[in-house]
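Geometric and topological summary
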Amino acid sequence: MDLVPVLEEPLKKVLGPPTAKVMAEHLGLHTVGDLLHHYPRRYAERGELTRLAELPLDEHVTVVAQVATARVLKFNGGSGQRLEVTITDGSGQLQLVFFGRGIHKPHKDLLPGTRAMFAGKVGVFNRKMQLAHPAYQLLSAETSEDAAEAVGSWAGALLPLYPATAKLESWKIAKAVDLVLPSAREAVDPLPESLREGRGLVPLTEALLKIHRPHTKADIEDARGRLKWDEAFVLQVALARRRFADTQLTAVARVPKPDGLLTAFDAKLPFTLTEGQQKVSKEIFDDLATEHPMHRLLQGEVGSGKTMVALRAMLAVVDAGGQAAMLAPTEVLAQQHHRSITEMMGELAEGGMLGGSEHSTKVVLLTGSMNTAARRQALLDLVTGEAGVVIGTHALIEDKVQFHDLGLVVVDEQHRFGVEQRDALRSKGKQPPHLLVMTATPIPRTVAMTVFGDLETSVLDQLPAGRSPIASHVVPAADKPHFLSRAWERVREEVSKGHQAYVVCPRIGDDEDEKPRKGAASSKAPSKAAPKKSAEDEAEKRPPLAVLAVAEELAHGPLQGLKVEVLHGRMQPDDKDAVMRRFTAGETDVLVATTVIEVGVNVPNATAMVIMDADRFGVSQLHQLRGRVGRGSAPGLCLLVTEMPEASPARARLGAVASTLDGFELSRIDLEQRREGDVLGQAQSGVRSSLRMLAVIEDEEIIAEAREEATKVVTADPDLERLPGLRIALDALLDEEREQYLDKG
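Anyway, here's the lowdown on the structure attached to this text. Residue indices follow the written sequence of each chain, beginning from 1 at its first position. Two thresholds apply to this predicted model, a pLDDT of at least 70 for residue-level local features and 80 or more for giving and counting side-chain atom pairs, whereas whole-chain, interface and lining totals are computed over all residues. The basis for the side-chain values is all heavy atoms of the structure; hydrogens and waters are excluded.

Points about a negative patch on the surface
Together, Asp461, Asp662, Glu665, Glu672 and Glu698 make up a negatively charged patch on the protein surface. Counting through the fold element by element, aspartate 461 comes out in the loop between strand S15 (456-460) and strand S16 (470-476). The patches reported here contain residues having more than 30% relative accessible area and no salt bridge. Joining distances are 9 Å for like charges and 5 Å for nonpolar side chains (Val, Leu, Ile, Met, Phe, Trp, Tyr). Only the protein chains shown count as cover for residues, and the accessible areas themselves come from Shrake-Rupley with a 1.4 Å probe. Salt bridge, as used here, is a side-chain nitrogen of Lys or Arg placed within 4 Å of a carboxyl oxygen of Asp or Glu. All tallies of charge rest on Lys and Arg as positive and Asp and Glu as negative; His and the ends of each chain are not included. To locate a charge, take NZ of a lysine, CZ of an arginine, CG of an aspartate or CD of a glutamate. Numbering of helices and strands starts at the N terminus; helices are DSSP runs of H or I of at least 4 residues and strands are runs of E of at least 2.

So, the pattern of salt bridges
Counted by the stated rule, this structure contains 35 salt bridges. For aspartate 219, the salt bridge is made with lysine 210, and the minimal N-O distance between the two is 3.9 Å. Just as aspartate 219 is buried, lysine 210 falls in that class too. Where salt bridges share partners, they join Arg486, Glu489, Arg490, Glu493, Glu494 and Lys497 into one cluster. Using a 1.4 Å probe on the protein chains alone, a residue whose accessible area is under 20% of its type maximum counts as buried, one over 50% counts as exposed, and one in between counts as partly exposed.

A word on the side chain of arginine 631
Mapped onto the elements of the fold, arginine 631 is located in the loop between helix H22 (619-626) and strand S21 (636-642). What qualifies as a polar contact is a pair of N or O atoms within 3.5 Å, subject to a donor-acceptor requirement within protein and to the restriction that residues adjacent in sequence count only when both atoms come from side chains. Reaching out from arginine 631, the side chain makes a polar contact with the backbone oxygen of glycine 627 at a distance of 2.7 Å.

What about the nonpolar core?
Formed by 54 residues in total, the largest nonpolar core has its most connected members in Phe233, Leu366 and Phe403. Top element by residues in this core is helix H10 (residues 217-248). It accounts for 9 residues. What makes two residues a contact is simply this: any of their non-hydrogen atoms within 4.5 Å. Residues within four places of phenylalanine 403 in sequence aside, it is in contact with Gln323, Ala325, Leu382, Val383, Val390, Leu396, Leu425, Lys428 and Lys430. Nonpolar cores are built from buried Ala, Val, Leu, Ile, Met, Phe, Trp, Tyr and Cys residues. Side-chain atoms within 4.5 Å join them into one set. Counting 38 residues, the second-largest nonpolar core is a separate cluster that includes Leu269, Ala316, Leu333 and Ile341.

Structural notes on the sheet that holds S21
If you walk across this open sheet you meet the 6 strands as S16-S21-S20-S17-S19-S18, and the pairing is parallel. Two strands bound the open sheet, and with one partner strand each, they are S16 and strand S18 (564-567). In this sheet, adjacent strand axes meet at a mean angle of 20° when their direction is disregarded. Paired strands are those between which DSSP finds at least two bridges. Two elements, strand S17 (residues 500-504) and strand S20 (residues 606-611), share 5 bridges in a ladder whose sense is parallel. Bridged to tyrosine 502 within S20 is methionine 609. Note on method: axes are straight lines fitted to C-alpha atoms, helices fitted across the in-contact stretch only, with angles between N-to-C directions ranging 0 to 180 degrees.

Some words on the environment of methionine 693
Looking at the secondary structure, you find methionine 693 in the loop between helix H26 (682-685) and helix H27 (700-716). Sequence separation between methionine 693 and aspartate 230 is 463 residues, and the spatial gap between their C-alpha atoms is 9.4 Å. If near-sequence neighbours (up to four positions away) are discounted, methionine 693 is found in contact with Tyr39, Ile211, Arg224, Leu227, Lys228, Glu231 and Asp699.

Regarding the packing of helix H12 (residues 275-288) against helix H13 (residues 306-319)
For any two helices packed against each other, the geometry is given by the interaxial angle and the distance between the axes. One way to put it is that H12 packs onto H13 with a least axis distance of 10 Å and a crossing angle of 30°. Relative to H13, the element H12 is oriented roughly parallel. The interaxial crossing formed by H12 with H13 has right-handed handedness. Residue-level inspection shows Gln277, Val280, Ser281, Ile284, Phe285 and Leu288 of H12 in contact with H13, the latter providing Met308, Val309, Arg312, Ala313, Ala316 and Val317. Throughout, the term roughly parallel applies to angles under 35 degrees, roughly antiparallel to angles over 145, roughly perpendicular to angles from 65 to 115, and oblique to all others. Left-handed describes a crossing in which the near helix is turned anticlockwise from the far one by less than a right angle; the clockwise case is right-handed.

Some details on the sheet that holds strand S14 (residues 434-439)
The strands making up a sheet associate through backbone hydrogen bonding, with each pair oriented either parallel or antiparallel. In spatial order, the strands read S11-S12-S10-S13-S14-S9-S15; together these 7 strands make up an open sheet with parallel pairing. Looking at strand neighbours, the two that pair on one side only are strand S11 (362-366) and S15, the edges of this open sheet. Going across the sheet, the axis of each strand differs from the next one's by a mean of 20°, ignoring polarity. Where strand S9 (residues 295-300) meets S14, 5 bridges bridge the pair, whose relative direction is parallel. Directly across from histidine 295, in S14, lies its bridge partner leucine 435. Relative to S11, helix H14 (residues 331-345) is tilted by about 170°, and along the sheet it contacts strand S10 (323-327), S11, strand S12 (387-392) and strand S13 (406-412).

Notes on unusual backbone geometry
Of note in this structure, aspartate 259 is not a glycine but carries a positive phi near 55°. Looking at where aspartate 259 falls in the secondary structure, it is placed in the loop between H10 and helix H11 (261-268). Phi at leucine 720 is positive, roughly 55°, even though this residue is not glycine. Position of leucine 720 among the secondary structure elements: in the loop between H27 and helix H28 (724-733). Look at leucine 720 and you get buried, because its relative accessible area is 2%.

Brief notes about the packing of aromatic side chains
Centre-to-centre distance and the angle between the planes together describe a pair of aromatic rings. To pair, rings of Phe, Tyr and Trp, with the six-membered ring standing in for Trp, must have centres within 6.5 Å; the planes then decide the type, stacked if under 30 degrees apart, edge-to-face if over 60, and tilted in the middle. By the definition in use, this model includes 4 aromatic pairs. A centroid spacing of 6.4 Å and a plane angle of 90° characterise the contact between phenylalanine 75 and phenylalanine 99, whose relative ring orientation is edge-to-face. Placement of phenylalanine 75 in strand S2 (residues 60-75) and of phenylalanine 99 in strand S4 (residues 93-99) is noted, with a sequence separation of 24 residues between them. For phenylalanine 75, a relative accessible area of 28% puts it in the partly exposed group. Look at tyrosine 502 and phenylalanine 583: their rings are 5.0 Å apart centre to centre, the planes differ by 55°, and that puts the pair in the tilted class.

Put into structure tokens, the structure is as follows:
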């Protein structure tokens, strides 16, 4: 008998169309199996009261509490009535309110002393938290019929509280789970028996029963331990199969010739490479010398010299007769890379030109906004092999672009590109080219193993000699407006020493329907907020600061007399390039920009950065932005301006950024604050976020062990012929489209 279809059965057959529709639209649950893997978020104990004191505003919550008081009040001169119920849990109180005809049933049910589960959206009325017309489920039954149902539904000592929606409360989901729970016995176990027994894990069917209907806390632990292993192991098997498939591909080994282009380039370097750069370069050259395609992730601190390592790899491939392409996420970054690479190479980048060295090659730029003649010439240089190195944006991926012999693809800022884009460029090689993926956002080891598990990883964690420390400070503009005045004074001081500064804003500000907010650069204290709104609400609800408004205000206010220019993504490419050239040449004192300067921009003379509305940026993004200063011999200064109050989580996040320059530490903080789904999004990994139980940071050990086990299993049985259960689990994780994603790598 084929057991799988039981779990594949559509929910509408089991639960009826209306409930199934809500589950599909609001929770993404379509089959019996989906519902079985919709695990409780937490559990309420019979004797325990959920903390009402910590309810989040505007969120849909489920609470277990006891009725303290219930009273009917008249309003509108006695024509209207409402029922006000106060519930308590020992930590605090919450008001429930029911209006009009809707008060009769709750008035009868919710007597003082009654315990129940309540669900609704937390709102505020008269400065008090309340739930209006909450759904509820009594936990202490009065009639024998109710008692029987209560005993049946809530016999266990622990009440599962499910991730719910306004249209479907937690206990309705629990009832739906009751209907499908017998099907858990049909679940096919993906873990090899030897692995399960060796690690003392309970069978899958038992884990599903225990996670949904635990009798003790030990049941929950057993179930979680097992389900975490499933998630880690199935994902790691997918990645291990991808690594294994890559080892079956053939590539052209690229060994640089002695005394060629690479040797000539190294000889003219005005500095020695750091130990880290030498070590990582050796790993890359060893990979390039094999007849299998290299798949390597190069991650490193902002300013650790990744571009230099990538350039030497590109030159090694050119030396060996191939071509190398670097894919950058923005035109500004592509132009910046092209400029810095041709400057570093000097006459070695003048292949085919008068004055070019005998070992030289041609370095071309290809972007979408180039004029027709320049574009035609670049395409010709690529197809004839005249150009050994090309730097470009997505324009490199277009069908018209052809290479003579593509040997290496370097992808800068991996998180900006989907797997398909990487693949489109790789498919332009006659044989699979080698691949080097770079990211300046340091990734904790476990995330690298979970998201980029198909890539070998190299880490650059030391800064080149001559790089200066960066001091970072939070500037609380709302609490201490004079601190903001001092920030602009510091910018003037840096400029007076002959240096330059960046001011970064979250928004451009040329939207016709938005009036730019003024007063950002001034040090006047904000007016007092209306009593009902907290300072945090006020700061969050106003529009983010805009480049155009802030630049104008600074130029006519605190930075009057300095040369202030703007840079943002909607400018014409030639204008952007001209602004960057003037700033690089030192003709502009202050550049007011969006995050277009986040990666790759290298102006050693820029020493100060002021980030406006810093709380609107993520931790990794702030770290990236900060890396634009302190790139020369003078120390860097980064000021994080915020209007968030001191006790807010946003201020704590900014404090963390200010307290450390260690990108790996910051990326852990970032990950702990975000949901894993953001990390394992399809754009990054080609695998949908299937992590319901596994926490990438907390469960480091499980991920590392699962990777080891997965590699063993795939090496012994690449097609998983002896493990049909695992094959089924993989198919569920990777539908056809995602399977192709993984195959492409």
